[in-house]
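Single-letter residue listing:
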Amino acid sequence: MKLTDDIKAIPKAELHVHIEGTVTPDIARLIAKRNGITINPEIFSEDGLSYKWNGFIDLVTRVYQEMARCLKTADDYETIMYDYLCRCAAEGAIYVEPSGYPGQCLVSGIDYKDMVDGMVRGIDRARADTGIESRLTMTFERHRPSGAESDADLILSYTHPYIVGLDIAGGEQEGDLAGFETAYKRVLKDFGRPLGVRAHAAENIGPANGWDAIKRLPLNRMGHGVRCSEDSGLIKELIARNITLEVCPTSNILAVKEYPDFKSHPLRKLYDAGVSISLNSDDPGLFGNSIGQEYQIAHDEFGFTVDELEGITRNAIRASFVEDSVKEKLLATL
Ligand SMILES: [Zn+2]
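Residues numbered from 1 in each chain as written. Predicted model: local features only at pLDDT ≥ 70, side-chain atom pairs only at ≥ 80, totals over all residues. Heavy atoms only, no water.

Asker: With reference to specific residues and values, describe the coordination of the zinc ion.
Answerer: Around a metal, the idealised angle for a tetrahedral arrangement of four donor atoms is 109.5 degrees; for an octahedral arrangement of six donor atoms it is 90 or 180 degrees. Protein ligation of the zinc ion involves His16 (NE2), His18 (NE2), His200 (NE2) and Asp282 (OD), the donor distances falling in the range 2.1 to 2.3 Å. Here the zinc ion is ringed by four donor atoms whose angles at the metal span 83 to 170°, and the overall shape comes out irregular. All donors of the zinc ion belong to a single chain; written as a sequence motif, their spacing is H-x1-H-x181-H-x81-D. We note that histidine 16, like histidine 18, is buried. (Donors = N, O, S within 2.8 Å, 3.2 Å for Na, K, Ca; no water. Tetrahedral: all angles 85-135°; square planar, octahedral: opposite > 155°, others 65-115°. Buried < 20%, exposed > 50% of the residue type's maximum accessible area, 1.4 Å probe, protein only.)

Asker: Provide a residue-level description of the pattern of salt bridges, including the pertinent values.
Answerer: A pair can form between side chains of opposite charge whenever their charged atoms are brought close. For the structure shown, the criterion picks out 33 salt bridges. With a shortest N-O distance of 2.8 Å, aspartate 76 and arginine 34 are connected by a salt bridge. Here aspartate 76, found in helix α4 (residues 74-90), pairs with arginine 34, found in helix α2 (residues 25-34); they are 42 residues apart in sequence, far enough to count as distant. Assessed through its relative accessible area of 0%, aspartate 76 is described here as buried. (Salt bridge = Lys/Arg side-chain N within 4 Å of Asp/Glu carboxyl O. Helix = DSSP H or I, 4+ residues; strand = E, 2+ residues; numbered from the N terminus.)

Asker: I'd like to hear about the sheet that holds strand β2 (residues 93-96), residue by residue, with values.
Answerer: Within the open sheet, the three strands sit side by side as β1-β2-β4. Their pairing is parallel. The open sheet has two edge strands with one neighbour each: β1 (12-14) and β4 (133-134). Judged from the two bridges that link them, β2 and β4 form a sheet pairing that is parallel. Following the sheet pairing, tyrosine 95 is matched in β4 by glutamate 133. (Pairing = 2+ DSSP bridges.)

Asker: Mind laying out the packing of helix α7 (residues 148-157) against helix α8 (residues 181-190), listing which residues take part and the relevant values?
Answerer: Packed helix pairs are characterised by how far apart their axes lie and by the angle those axes make with each other. Contact pair α7 / α8: the axes reach a minimum separation of 9 Å and the direction vectors enclose 15°. As far as their axial angle goes, α8 and α7 are roughly parallel. For the crossing formed where α7 meets α8, the hand is right-handed. Every residue of α8 that contacts α7 at Ala148, Glu149, Ala152, Asp153, Ile155 and Leu156 is listed here: Thr182, Ala183, Arg186, Val187 and Asp190. For the contact of α7 with α8, a count of residues per class yields six nonpolar, one polar and four charged. (Axes fitted to C-alpha atoms, helices over the stretch in contact; angles between N-to-C directions. Parallel < 35°, antiparallel > 145°, perpendicular 65-115°, else oblique. Left-handed = near helix turned anticlockwise from the far one by under 90°. Contact = heavy atoms within 4.5 Å. Nonpolar A, V, L, I, M, F, W, Y, C, P; charged D, E, K, R; others polar.)

These values are about where atoms sit, not about what they do.
Here's what the structure looks like:
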């Protein structure tokens, strides 16, 4: 999708993107070659430009794992971070807050400190070359409750200043956040400085998981949260607590059976009700979307004006977890 000039010109901010999910087929092949790994060619389309998959679960499990197992060194994480941030900057993004999985260290054998240091180098290099600013959040995996405490140990083992938040992602089961409450609270208590709190919730499971996240965690932002739109009491609660929903329209159309198309997606309903929202790509390397495309879609499919979209960027920067001095600087550029 090509961005129109007016959308391209809007400064953008992204709060919900998984760093491994940004890896395009080209970058995956480059890194695999560098590490002497042969990627199963069946994960790529015939022309090699996109991934080939049979439904969302196949994409985020089989295809994702085949790609992500190639990421083995700090250089690999530097490459993918730098590549992604430069692509965002080319579409007008001024701030991106990607998330990393400590659990990925178990899969690909990379040391946690190397993973973080690689991402940090990618951020510094992208800032030097394009001006884009970026910070990181770390993510528990909902489908792996047995790893909650060991992931917490890793996160506490290296508290680099660029790590500003804590998140949980992965396949939602009703009430499954309970298994992570202790690990979340331990990291928040022992990290040595305040972290922002996020949780993917109310994406596939309805409002019950939105309530669950709010009750269990001191939540600042909710990943997706789109199914909160089914409960007017929950909408009021999000507004009262000033919780920002990180909405990912393209991802939801692919993953959430309640939203087969943009027409049925509640982005506009949530925004019009006064809920704080941001726009995000989630796994742009896998889905073939981008932060710029999500702004274009919000304009074309949901009728957001350029002014409203600029307001969404301002809102996202306010809801970001970057330190206040940088936040002020970013807001001043808008
Ligand atoms: Zn996500």
